[in-house]
Amino acid sequence: MENENTITEQQELETLRSQMDLLRKKLEQETIVNEKLMRETMKSRVSTINRQGWISIGVAIFMILWMPLYFYTLSTPFIITTIVFMLVDAILTYIVHKQVNERQLMSEDMRTVANKMKTLKKRYHISTWTELPLVIAWCVWFCIEIIHRTDAPWQLMAGAVAFGAIIGFFIAWKMYRKVIDNCDAIIQQIEE
Amino acid sequence: MKQTEQEFEQIVKRHKSTIYTVCYMFSKDEDEVNDLFQEVLINLWKGFGDFRGDSAINSWIWKVALNTCISFDRKKKRQGEKIPLEMAGNLFTDEDDDSQQIRMLYDRINQLNLVDRAIVLLWLENLSYDEIAAIVGISVKNVSVKLVRIKQQLIKMSHA
């Protein structure tokens, strides 16, 4: 009886293999890949950093160039602090993404991919929550600077800064959640 | 066309069945297969420069295809132009005997979780336990334990 079961099981597995052979044969007869698909594929740029990383670095560089040009009326310590802060942010973003090397990520084994995603998530989490109090302090300082160095009513300036800060936080939060959710989805799929 | 691009194109054409098989087994319809296939090609292209042939090209293709299919965000719309694949048949709808047999295989494999799906596909492709272990990133012993469980699951499905 046990022998019969083993034979049946073996047959079942052989059926699976023969079905797989059928699939392979069928696919070999298909063209599947055309010139257009190949051209479109090879058009995609190879980057060590993903789009969000480049956005963060772009914003930081923009701020570094923009601050001295348009906010020269603000105090020198504030401008220097802002530039240093943005520079550190750009470098940190670059490091966080580069160390994970997203270009090579998909060529790793599945467990390594999950581990690297965990590392990316952890680093991104740490850098975001370290920067948050600094950003809040910077916003307050910026508000004080604006109020003291412009003739406009302080309520208006404080309101404008607060509005900008809320929008900035919202965008940053969305970006943060997107990266974390992407990482979580991959980790969960592999470790399921 | 540059030499690298020609090499890449040849590799893709040689391994099109492997790539398509993975995409098919991880998709719910033809449209998703198209999206996944394009995504796999992009990831292969991105990693092609770093691929030094340290591991067999076959293992590399399997790794990229499986990782892409497992991590692909199906809720997100694929970026870039959508190019249909050159397929005369449709494995999801064709009614000939072979297609029906293939769909029986698809229906069973599709019930497994994603990692088990990957392992059984590698086994069905006759890869050795060592190769499967290297692609999945687990020990050879773990592969054999998992395969026993997966095979039992597949057999149970056929009796259900």
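In this text the structure is predicted, and so the values were computed from the model without any measurement.

1. Comments concerning the overall build of chain B
Along its length, chain B carries 8 helices and 0 strands. Ordered by position in the sequence, the α and β elements of chain B form the string α-α-α-α-α-α-α-α. Over its C-alpha atoms chain B spans a radius of gyration of 16 Å, differing by no more than 12% from the 15 Å that the globule rule assigns to 160 residues. Projected onto the principal axes, the alpha-carbon positions of chain B cover approximately 55 × 40 × 30 Å. Out of the 160 residues belonging to chain B, those deemed buried represent 37%. Restricting to contacts in chain B with at least 6 residues of sequence separation, those with at least 24 account for 66%.

2. A word on helix 7 (residues 154-191) of chain A
For helix 7 of chain A, spanning 38 residues, the distance from its first C-alpha to its last is 54 Å, which sits close to the expected 56 Å at 1.5 Å a residue. What helix 7 of chain A keeps buried is the set A:Met157, A:Cys183, A:Ile186, A:Gln189 and A:Ile190. Elements that come into contact with the buried residues of helix 7 of chain A comprise helix 6 (110-149) of chain A together with helix 4 (57-71) and helix 6 (114-124) of chain B.

3. Quick look at the packing of helix 4 of chain B against helix 7 (residues 129-136) of chain B
Residue and element names in this part refer to chain B. Two numbers describe how helix 4 lies on helix 7: the axes approach to 10 Å, and their chain directions differ by 45 degrees. Classified by the angle their axes make, helix 4 and helix 7 are oblique. Note that helix 4 runs across helix 7; the crossing there is right-handed. Judged by residue contacts, Ser59, Trp62, Lys63 and Leu66 of helix 4 engage Glu131, Ala134 and Ile135 from helix 7.

4. What about the interface of chain B and chain A?
Chain B puts 54 residues into the contact, and the matching count from chain A is 42 residues. It is helix 4 of chain B that contributes the most residues to the side of chain B that touches chain A, 8 residues altogether. Class assignment for the residues of the side of chain B that touches chain A results in 27 nonpolar, 15 polar and 12 charged.

5. Examining the environment of B:Asp94
Residue and element names in this part refer to chain B. Inspection of the secondary structure puts Asp94 in the loop between helix 4 and helix 5 (97-109). Taking the C-alpha atoms as reference, Asp94 lies 39 Å from Ser139; in sequence the two are 45 residues apart. Sequence-distant contacts of Asp94, defined by excluding residues within four places in its chain, comprise Gly89 and Ser99.

6. Description of the domain arrangement of chain A
When the domains of chain A are assigned, the result is domain 1 (2-39) and domain 2 (45-191). In this structure, domain 1 of chain A and domain 2 of chain A have C-alpha centres spaced 48 Å apart.

Rules used throughout
- Residues numbered from 1 in each chain as written.
- Chains lettered and ligands numbered in written order.
- Predicted model: local features only at pLDDT ≥ 70, side-chain atom pairs only at ≥ 80, totals over all residues.
- Helix = DSSP H or I, 4+ residues; strand = E, 2+ residues; numbered from the N terminus.
- Rg over C-alpha atoms; globule rule 2.2 N^0.38 Å.
- Buried ≥ 20, exposed ≤ 12 C-beta atoms within 10 Å, placed from the backbone.
- Contact = placed C-beta atoms within 7 Å.
- Expected span 1.5 Å × (residues − 1).
- Axes fitted to C-alpha atoms, helices over the stretch in contact; angles between N-to-C directions.
- Parallel < 35°, antiparallel > 145°, perpendicular 65-115°, else oblique.
- Left-handed = near helix turned anticlockwise from the far one by under 90°.
- Nonpolar A, V, L, I, M, F, W, Y, C, P; charged D, E, K, R; others polar.
- Domains from an automatic or database assignment.

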